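Report on the structure
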Amino acid sequence: MDKEKDQCTAGTDSCICPHKVTGSEALMLALKAEGVKTIFGYPGGSIMPVYDALYDYTRGEKKAFDHILVRHEQAATHAAEGFARVSGEVGVAIVTSGPGATNTLTGVADAMLDSTPIVVIAGQVPIGALGTDAFQEVDLVGVAQPISKWSYQIRHADDIAWAVSRAFYIARSGRPGPVVLDFPKNAQVETVEFVEQKVDFVRSYVACPPLDHDAVAQAAELINNARKPLALVGQGVELGNAQDELLAFLEKADIPAGRTMLGLSALPSTHPLNVGMLGMHGNYAVNLKEQECDVLIAIGMRFSDRVTGNTKTYARQAKVIHLDIDKSEIDKNVKTDVAVVADCKESLPAITALLRKADHREWRESFLPLDAKEREKVIEPAIHPKEGPLLMGEVVNAVAEATQGDAVLVTDVGQNQLFATRYFKYPKRRSICTSGGLGTMGYGMPAAIGATFACAPAGLMNNEKRTMNNEKGTMNGRTVVCFMGDGGFQMNIQELGTIMEQQAPVKMILMNNNYLGNVRQWQDMFWNRRKSFTRMMNPCYELIAQGYGIPYEAVTDRSQLQAAVEKMLATKGPYILECAIKEDDDVLPMTPPGSNVNDMMLTLVP
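Here's a quick rundown of the structure. Everything numeric here is computed off the predicted structure, so don't read it as measured data. As a convention, each chain's residues are numbered from 1 in the sequence order in which they are written. Whole-chain, interface and lining totals are the exception, using all residues; otherwise, since this is a predicted model, local features are given only for residues with pLDDT of at least 70 and side-chain atom pairs are given and counted only at 80 or more. In computing side-chain properties, one takes all heavy atoms of the structure into account and sets aside hydrogens as well as water.

Turning to the packing of aromatic side chains, a few remarks are in order. Two rings from Phe, Tyr or Trp (for Trp, the six-membered ring) form a pair when their centres sit within 6.5 Å of each other. Planes less than 30 degrees apart are called stacked, planes more than 60 degrees apart edge-to-face, and all others tilted. For the coordinates displayed, the defined rule picks out 14 aromatic pairs. Ring centres of Tyr-169 and Tyr-205 lie 6.0 Å apart, and the angle between their planes is 85°; on these two criteria the pair is classed as edge-to-face. With Tyr-169 in helix H7 (residues 160–172) and Tyr-205 in the loop between strand S8 (191–194) and helix H9 (213–224), this pair connects stretches of sequence that are 36 residues apart. Judged by relative accessible area, Tyr-205 falls into the partly exposed class, the value being 21%. Following the ring pairs from residue to residue traces out a cluster consisting of Phe-40, Phe-83 and Phe-453. Arg-59 extends its terminal NZ or CZ atom over the ring of Tyr-55, reaching a point 3.9 Å from the ring centre. Here, over-ring charges are defined by two tests on the NZ atom of lysine or the CZ atom of arginine: distance to the ring centre within 6 Å, and angle to the ring normal within 35 degrees. The ring of Phe-367 is capped by Lys-289, whose NZ or CZ atom sits 5.7 Å from the centre of that ring. Only DSSP runs of H or I with at least four residues qualify as helices, and only runs of E with at least two residues qualify as strands; both kinds are numbered from the N terminus onward. Classification of residues uses two cut-offs on accessible area relative to the type maximum, computed with a 1.4 Å probe and protein chains only: under 20% is buried, over 50% is exposed, and between them is partly exposed.

Right, dumping it as structure tokens:
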């Protein structure tokens, strides 16, 4: 890509007067120009010049950043993801070359699938040593290209201002995603006259397609003539900060709306048009009604296989309207009748303006018997059991009620994720942070660290209280609760060191069933109960908590639960609450993989 031709603001009023600095300091100035305040990272040989420059920019008169030293590079990317998901800003991770860089790739892939804007900056051997199999040399650009939105090697110091600005523009614009910058050591130590640059245009990259008013009119006509419309709300609504526009659209057309897992907080849980979570372990009524609606309106979602089930039978009776900023999602999984390719913050009000005020009460009320059936057979037994061991649903419900909807939910992956997303409450925006597309175990703890810095409660970051951007829907001082299973907890357990050092106020709820629970459930259901290597021998988590100086309590009986949750939330700083969970606690409802979306089971097949 010709850098001179895809940006043109250098030398204008957006520039600052040039002065000679090293490439490493130029990086600091470029990050500062992008509004970065928080960096997650881990130093090493090939990034040492950058860390030397960072020293001055984290203290004294030059202080511009908080740097959070993680204990593993994968955790740096997940923390950057958590920060981005909750703050609405771009998360930043800085690591060294070789294994430091390759350790970030899981987080990069996770961010790509979940449209999370992060920038990963990795050290690299000098360009003169490239191709020689030098110590800790890896072709990072080559391996990162398929799983990132853009990857680029900064070969010389005079590329830094342009490359960083371009990276942030690509990461945050359009459909957000991860960008990887490979930073050879020679470029870090060269000197350059730093001139701040602002990239807001890239050839061949259309961040936000122009709104097609003919498509808008076609969509509005279908919705106006619908008798049984159903909206599917995805994370794109939150990424586009279009929550208000969504409400105006749904309320005018009186459309019930289901939400994807990543889109759960795009529509308040208590809103009367909210009909639950979509997907394999979503709510019963909305999944069945997808097979009955006559117009299906997908908004900022990608028709994941976990939502659609068998695509050959999915919503065949419905006219499908798909609103998405990414043209590549149109017709990828589900055939669309009308596609509105644009930012939903623009497309939703355009459609709303053409809608007639509607009343679909009879259609909405048809959901109620199915909701009641699920509540009787699944929800009440899960959150209010009368006897037996603790269940995950009741633990989640206890925390949700105690936090009164003010908390940010972070989860790991597995049964803990499915129970947590089902039974938590989402009255506020940007209230959920979980690994959706990649399903990354070990995501929870580092993502929760990042989320605490996005929320910036008092006492964090050297007792400075940061004011977040209210337009992004974030709030100061929100509690971050992180649900993890014993498997995911141990995958990045070393990040307890980061939590200890930062005193990051993550409230960790460890739901310990001594199994890789989700795999165990599938083995029971589909593999003749052959529990092949899913039972876990676990350590003494109390001793581990003591080693890191983190307050800890164990709950083994439901009579202890309420008081333990209240104590956890009242304790300043981090906390580990271990709950002894029933070993064969199963997530229901469930649509078996590959089945029709309406083949949802409320009870397990014997």
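With that settled, the discussion passes to helix H11 (residues 243–253). Given 3.6 residues per helical turn, the α-helix brings residues three or four places apart onto the same face. When we look at burial in H11, the residues that qualify are Gln-243, Glu-245, Leu-246, Phe-249, Leu-250 and Ala-253. For H11, the angular spread of the buried residues around the axis is 160°, confining them to a single face. Contact criterion: two residues are considered in contact whenever any of their non-hydrogen atoms come within 4.5 Å of each other. Elements that come into contact with the buried residues of H11 comprise H9, strand S9 (229–233), helix H10 (236–239), strand S10 (257–259), strand S12 (295–299) and helix H14 (344–353). Phi turns positive one or two residues past the end of H11, at Asp-254, with a value near 55°. Working note: the arc is built from the helix axis to C-beta atom directions.

Salt bridges are identified by distance alone: a Lys or Arg side-chain nitrogen within 4 Å of an Asp or Glu carboxyl oxygen. Inspection of every chain in the model, using the stated rule, returns 27 salt bridges. Where Arg-361 meets Asp-359, a salt bridge forms, and the shortest distance between an N and an O atom there is 4.0 Å. Overall, Asp-359 belongs to the exposed group, its relative accessible area being 52%. Lys-567 is paired through a salt bridge with Glu-553; the nearest N and O atoms lie 4.0 Å apart. With Lys-567 in helix H24 (residues 561–570) and Glu-553 in strand S19 (residues 552–555), this pair connects stretches of sequence that are 14 residues apart. With relative accessibility at 22%, the residue Glu-553 sits in the partly exposed group. Connected through salt bridges with shared partners, the residues Arg-520, Asp-524, Arg-529, Lys-531 and Asp-586 form a single ionic network.

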